[in-house]
Amino acid sequence: MGDLSDPVVIGKIGAPHGVRGTVRVRPSGSGRHLREGMEPLVGDSRVRILRSRETPKGFLIDLEGVESRPEAISLRGIELLLDRSELDAPDEDEFYAGDLVGLSVFDESGEVLGSVAETFGTPAHEVLVVRGDKEDSVSGDLYVPFTLEHVPEVDIEKGRLVVHPPEPE
């Protein structure tokens, strides 16, 4: 992971855009760290973002030293990383999805459902994977969209969150 002691994924490179080396980047989260002047780790080296434009399908990013379509194609699938210490402080009601891993999960009646095992992004929102604490749990993992509707309460300091799981279809 290069020189990062606590790496955080800020985006993932997709298809090239045009012929001058611009790449499409799918942000993890709001994308506010995909801005001009930032120097994320791309592969095994730091690369400065020269230009960033938000589009409905993500961001169009010009990276220093990437000047042709073939160079852009070679970066497809690579994650852009920053060290947690380089991230902007989240606003009062914001969280980095990685900070939710390990929190205890309760339903609205106060019953323990398990803990957040991992998170993954979808085009719509982050999804929390809640794993039950019981060895004999037959229900398997619970997938909860990280939205206000489904996660009405998060208390990082107390290490807990309350979920209203989606109804099974």
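Residues numbered from 1 in each chain as written. Predicted model: local features only at pLDDT ≥ 70, side-chain atom pairs only at ≥ 80, totals over all residues. Heavy atoms only, no water.

Some details on the overall build of the protein
- In terms of helices and strands, the protein carries one helix and 13 strands.
- Scored against the burial criterion, the 169 residues of the protein give a buried share of 32%.
- The long-range fraction of contacts in the protein, counting pairs at least 24 apart against all pairs at least 6 apart in sequence, stands at 47%.
- If you sum the accessible surface of the protein, you get close to 10,300 Å²; carbon and sulfur atoms cover 48% of it. (Helix = DSSP H or I, 4+ residues; strand = E, 2+ residues; numbered from the N terminus. Buried < 20%, exposed > 50% of the residue type's maximum accessible area, 1.4 Å probe, protein only. Contact = heavy atoms within 4.5 Å. Areas by Shrake-Rupley, 256 points an atom, 1.4 Å probe, with all protein chains shown as cover.)

Some details on the sheet that holds strand E10 (residues 126-131)
- Within the open sheet, the six strands sit side by side as E11-E10-E9-E8-E13-E12. Their pairing is mixed. Looking at which strands have only one partner, the edges of the open sheet turn out to be strand E11 (142-145) and strand E12 (153-155). Ignoring strand direction, the axes of neighbouring strands in this sheet form an average angle of 35 degrees.
- Of the pairings in the sheet, the one linking strand E9 (residues 112-121) to E10 comprises six bridges and is antiparallel in character. Residue Ser115 lies in a different strand from E10, and its bridge partner there is Arg131. (Pairing = 2+ DSSP bridges. Axes fitted to C-alpha atoms, helices over the stretch in contact; angles between N-to-C directions.)

Focus: the side chain of His33
- By the secondary structure assignment, His33 is in the loop between strand E2 (22-27) and strand E3 (41-42).
- Among the residues examined, His33 registers a relative accessible area of 7% and is labelled buried.
- Contact partners of His33, with chain neighbours within four places excluded, come to Ile10, Met38, Ile49, Leu82, Leu87, Asp88 and Tyr96.

Details of the pattern of salt bridges
- All chains considered together, the criterion is met by seven salt bridges.
- Residue Arg84 is joined to Asp6 by a salt bridge in which the shortest nitrogen-to-oxygen separation is 2.9 Å. With a gap of 78 residues between them, Arg84 in the loop between strand E7 (79-83) and strand E8 (104-107) and Asp6 in the segment before strand E1 (7-17) connect regions that are remote in the sequence.
- Accessibility expressed as a relative area gives 27% for Arg84, which makes it partly exposed. (Salt bridge = Lys/Arg side-chain N within 4 Å of Asp/Glu carboxyl O.)

Examining the packing of aromatic side chains
- Applying the stated criterion across every chain yields a total of zero aromatic pairs.
- The ring of Phe106 carries Arg160 above its face, with NZ or CZ at 4.3 Å from the centroid. (Phe/Tyr/Trp six-rings, centres within 6.5 Å; stacked < 30°, edge-to-face > 60°. Lys NZ or Arg CZ within 6 Å of the ring centre and 35° of its normal.)

Concerning the nonpolar core
- With 20 residues, the main nonpolar core has Ile13, Val23, Val25, Leu34, Ile61, Leu63 and Leu80 as its most contacted residues.
- Those elements that provide at least two residues to this core are E1, E2, strand E6 (58-63) and E7.
- With sequence-adjacent residues up to four places away left out, Leu34 is seen in contact with Ile10, Val25, Pro27, Ile49, Ser52, Phe59, Ile61 and Leu80.
- In this structure, Val105, Val116, Val151 and Leu161 belong to the second largest nonpolar core, which totals ten residues. (Core = buried A, V, L, I, M, F, W, Y, C linked by side-chain atoms within 4.5 Å.)

A closer look at the pairing of strand E5 (residues 49-55)
- For E5 and E6, the ladder comprises six bridges, and the chain directions are antiparallel. The residue bridging Arg53 from the neighbouring strand is Leu60, located in E6.
- Where E5 folds back on E6, the antiparallel hairpin that results is connected by two residues.

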